[in-house]
Amino acid sequence: MSISKLNISVVMLLLVFANSIAQQHLDPEYIKVTNERAAKIVAKLELGDKNKEEAVSNIVAQQFRDLSEIQDGRDAEIKKIKEDTSLAKEKQNEKIDKLKEKADKAIEKLHKGYLKKLGTQLNEAKIIEVKDGMTYGVLPITVAGYNDMLPNLTAEQKEYIYNALVEAREHAMDGGSSKEKHAWFGKYKGRINNYLSKAGYDLNKESADWHKRVEEREKNKSGQ
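Thresholds applied
Residues numbered from 1 in each chain as written. Predicted model: local features only at pLDDT ≥ 70, side-chain atom pairs only at ≥ 80, totals over all residues. Heavy atoms only, no water. Helix = DSSP H or I, 4+ residues; strand = E, 2+ residues; numbered from the N terminus. Expected span 1.5 Å × (residues − 1). Contact = heavy atoms within 4.5 Å. Axes fitted to C-alpha atoms, helices over the stretch in contact; angles between N-to-C directions. Parallel < 35°, antiparallel > 145°, perpendicular 65-115°, else oblique. Left-handed = near helix turned anticlockwise from the far one by under 90°. Nonpolar A, V, L, I, M, F, W, Y, C, P; charged D, E, K, R; others polar. 1 Å grid on protein atoms, 1.4 Å probe; cavity = no way out; pocket = protein on both sides within 12 Å on 5 of 7 lines; lining within 4 Å. Points joined across faces, edges and corners; volume = space filled by probe spheres on them. Phe/Tyr/Trp six-rings, centres within 6.5 Å; stacked < 30°, edge-to-face > 60°. Buried < 20%, exposed > 50% of the residue type's maximum accessible area, 1.4 Å probe, protein only. Lys NZ or Arg CZ within 6 Å of the ring centre and 35° of its normal. Core = buried A, V, L, I, M, F, W, Y, C linked by side-chain atoms within 4.5 Å.

S.K.: So, helix 7 (residues 155-172): which residues are in play, and what are the values?
M.R.: For helix 7, with 18 residues, the first-to-last C-alpha span of 25 Å sits near the 26 Å given by 1.5 Å per residue. Lining the buried residues of helix 7 we find helix 5 (124-134), helix 6 (138-149) and helix 8 (178-198).

Right, here's the structure in full:
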């Protein structure tokens, strides 16, 4: 074996070993939970190929764990800074902002790499299904809600709503909790509502009228 090939083999072995060591430090129960979460998402894809299902499940589960590693590390460091009474509040905030910025960059890089890995196994339509699975299907539910509440939306307005929610979903995918994921959608729904208000919609009235229509539908269904 040539020296170059030997060096490559050594590097690969070291990477495998490092990954193995890293996995050992994870709580086995957490590994089980991430595997189960990933499996539920992948089951809905109906891939019809056990090997592909396993490969995609592993990619998704590893993404959950990698995100957690970055976010937990960030949060632990932030906790230390907040507990350091020798630091002035301004200095604490400065250090915390730098930690958050560093974590955000790491998450952004991880996000891109994750999509590339999914792309080796899935087409774009299936990747979108994975994204929705990771974000509780909030995007299609919200789009349907706006369309039902505002049946006279123009094509341009529908496109704005959809694109805003797509952007929200990209951020929500990286959220470390259900609360954080929903918060991203809440932020973008605020932007959508401002956009619609400027377009002349009275959203308080539209929402009230919509809920009345929904209630009426439910009564009609139960009466059948």
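And the narrative resumes.
S.K.: Summarise the environment of L196; cite the residues concerned and give the values.
M.R.: Here L196 is to be found in helix 8. Setting aside chain neighbours within four positions, we find L196 in contact with Y146, L150, L153, I161, Y201 and L203.

S.K.: Any details on the packing of helix 6 against helix 7? Residues and values, ideally.
M.R.: At a closest axis distance of 10 Å, the pairing of helix 6 and helix 7 adopts a crossing angle of 155°. The pairing of helix 6 with helix 7 is recorded here as roughly antiparallel in orientation. Between helix 6 and helix 7 lies a crossing of right-handed hand. Contacts between helix 6 and helix 7 involve L139, T142, V143, Y146 and N147 from the former and K158, I161, Y162, L165, V166 and R169 from the latter. Classifying every residue of the contact of helix 6 with helix 7 by side-chain character gives 7 nonpolar, 2 polar and 2 charged.

S.K.: Lay out empty space enclosed by the protein in plain terms, naming residues and giving numbers.
M.R.: Taken as a whole and judged by the stated rule, the model has 1 cavity of 30 Å³ or more. Quantified by volume, the largest cavity comes out at close to 30 Å³. For the largest cavity, the full set of lining residues is I59, Q62, Q63, D66, Y114 and K117. The greatest single-element share of the lining of the largest cavity, amounting to 4 residues, is contributed by helix 3 (residues 50-83). Taken together, the residues of the lining of the largest cavity sort by class into 2 nonpolar, 2 polar and 2 charged.

S.K.: Before we move on, can you summarise the packing of aromatic side chains with the specific residues and values?
M.R.: On inspection of all chains with the given rule, the structure shows 1 aromatic pair. For the pair Y160 and Y195, a centre-to-centre distance of 3.8 Å together with 15° between the ring planes defines the contact as stacked. With a gap of 35 residues between them, Y160 in helix 7 and Y195 in helix 8 connect regions that are remote in the sequence. A relative accessible area of 23% places Y195 in the partly exposed class. Over the ring of Y188 we find R191, and its NZ or CZ is 4.4 Å from the ring centre.

S.K.: Quick rundown of the packing of helix 3 against helix 4 (residues 89-119)? Include the residues and the values.
M.R.: With their axes 10 Å apart at the nearest point, helix 3 and helix 4 run at an angle of 175° to one another. It follows that helix 3 is roughly antiparallel to helix 4 by the angle criterion. Its residues placed into classes, the contact of helix 3 with helix 4 shows 15 nonpolar, 4 polar and 7 charged.

S.K.: So what's going on with the layout of surface pockets? Residues and values would help.
M.R.: Put simply, the largest pocket is a space of about 310 Å³. As for the largest pocket, its lining consists of 20 residues, and the residues nearest its centre are R37, F64, M134, Y136 and K181. Going through the elements one at a time, helix 2 (28-43), helix 3, helix 5 and helix 8 are the ones with two or more residues in the lining of the largest pocket. Broken down by element, the residue count for the lining of the largest pocket peaks at 5 residues, all from helix 3. Of the residues that constitute the lining of the largest pocket, the class distribution is 6 nonpolar, 8 polar and 6 charged. Space inside the second largest pocket adds up to approximately 260 Å³. The wall of the second largest pocket is formed by Q71, R74, D104, I107, E108, H111, E170, H171, D174, G175, E180 and W184. Looking at the lining of the second largest pocket, the elements with two or more residues in it are helix 3, helix 4, helix 7 and helix 8. A per-element tally of the lining of the second largest pocket places helix 4 first, with 4 residues. When its residues are assigned to classes, the lining of the second largest pocket shows 2 nonpolar, 4 polar and 6 charged.

S.K.: Quick rundown of the nonpolar core? Include the residues and the values.
M.R.: If you look at the biggest cluster of nonpolar residues, it comprises 18 residues, and the most contacted ones within it are Y146, L150, I161, F185, I192 and L196. Of all the secondary structure elements, the ones that give two or more residues to this core are helix 6, helix 7, helix 8 and helix 9 (203-223). Within the second largest apolar cluster, 16 residues are counted, among which are V42, A61, L118 and I127.

S.K.: Talk me through unusual backbone geometry; I want residue IDs and the actual numbers.
M.R.: The phi angle at E46 is positive, at roughly 50°, despite the residue not being glycine. Judged by relative accessible area, which is 69%, E46 ranks as exposed. Despite not being glycine, Y136 has its phi angle at roughly 60°, a positive value. One can find Y136 in the loop between helix 5 and helix 6. For Y136, a relative accessible area of 42% corresponds to the partly exposed category.

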